[in-house]
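Reading the structure
Spelled out, the chains give:
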Amino acid sequence: MKNKILAYMILNIKSLLKDKIPFVWSILLPLVMYFLNRNQINVEKDLAYWWVYMVLCAYIYGVGLYALELKESGCLRTIFSIENSPFVFFMGNLMTQIVFCLISVGLFNFIIYLDKQFSMIKMIFYSILIILLCIPVAFAGYAFTLLKNVHANTINTAFSILLFGMFMLLGTDSWLNAYNPMCYMAEIVIAPSKTGFVLYSAISVVFIVIGSMGILKFSPNSNERR
């Protein structure tokens, strides 16, 4: 199974390397927002909001939504004829995005280091922690594959607006941040608390259960749409 997951991961990474725009954009946008707010960033933990945004984008677009796009295109029937295992396919996508996050967040951290001279060890530690903490979101993203009458492009557009909107709210004192998942994810690293950990654990369990349902019911056949 490990070799099959690795094979999926290598295939996905080769695909990512051919299309460099998503990779560049995943770093460029957070950097633009960083330099617009750099005077408000005083310690390594303040970068948690940027890391959360980058990681959530990778997991949502690169796992669940990616699977739905391939399913709609009909490509999965060929892939699954080689290895008919939704779990192996999911793990291959997940491992690909973890590697993608390590590279993109690592480059982001390096640029911040050149600008702020923050501790690289602390930035690496906190950013890897966020990459691991956000894994349940990758499971939740597989709920997209359970939808029967919604196009992948529709979900892509909706989440592009939603994620960017949540990211923009992080720099404000808006009451909406009380309902902003990015804020809660970042606070686990910035100011960990028992309440925050319990809330994170409960939501993570729900996400993993939903994602597991998506994996178990996942079919490589494209949904029929009128």
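Summarised in this report is the structure supplied together with it. (Residues numbered from 1 in each chain as written. Predicted model: local features only at pLDDT ≥ 70, side-chain atom pairs only at ≥ 80, totals over all residues. Heavy atoms only, no water.)

1. Remarks on the packing of helix α6 (residues 120-133) against helix α9 (residues 181-190)
Any two packed helices are characterised by how steeply their axes cross, that is the angle between the axes, and by the distance between the axes. Keep this limit in mind: All axes are obtained by fitting lines to C-alpha atoms, using only the stretch in contact for helices, and the reported angles, taken between N-to-C directions, cover 0 to 180 degrees. Helix numbers and strand numbers start at the N terminus; a helix is a DSSP run of H or I with at least 4 residues, a strand a run of E with at least 2. Note on angle classes: values under 35 degrees are labelled roughly parallel, values over 145 roughly antiparallel, values of 65 to 115 roughly perpendicular, and the remainder oblique. In this scheme the handedness of a crossing depends on how the near helix is turned from the far one: anticlockwise by less than a right angle means left-handed, clockwise means right-handed. Note on contacts: a residue pair is in contact if any heavy atoms of the two residues lie within 4.5 Å.
One can describe the packing of α6 onto α9 by two numbers: an axis separation of 10 Å at closest approach and a directional angle of 135 degrees. Here α9 runs oblique to α6, going by the angle between their axes. For the element pair α6 and α9, the recorded crossing hand is right-handed. Of α9, the residues touching α6 (which contributes Tyr 126, Leu 129, Ile 130 and Leu 133) are Met 185, Ile 188 and Val 189.

2. Considering the nonpolar core
Rule in force here: In plain words, nonpolar cores are sets of buried Ala, Val, Leu, Ile, Met, Phe, Trp, Tyr and Cys residues tied together by side-chain atoms within 4.5 Å. Partly exposed residues are those whose accessible area sits between 20% and 50% of the maximum for their type, while under 20% is buried and over 50% is exposed, using a 1.4 Å probe and protein chains only.
Leu 47, Trp 51, Tyr 59, Phe 89, Phe 108 and Met 182 are the most contacted members of the largest nonpolar core, which totals 68 residues. If you tally residues by element for this core, the top one is helix α3 (residues 48-73), at 18 residues. Other than its neighbours up to four places away in sequence, Phe 108 contacts Pro 30, Leu 31, Tyr 34, Leu 47, Trp 50, Trp 51 and Met 54.

3. Topic: α6
Note the following rule: Any helix carries an expected span of 1.5 Å times its number of residues minus one.
Helix length check: α6, at 14 residues, gives a terminal C-alpha distance of 20 Å against a target of 20 Å (1.5 Å per residue), a fit within 8%. Three or more residues of α6 are buried, namely Met 123, Tyr 126, Ser 127, Ile 130, Ile 131 and Leu 133. Those residues of α6 hidden inside the fold are in contact with α3, α5 (86-116), α7 (135-140), α9 and α10 (194-216).

Purely spatial values, then, with no claim about function.
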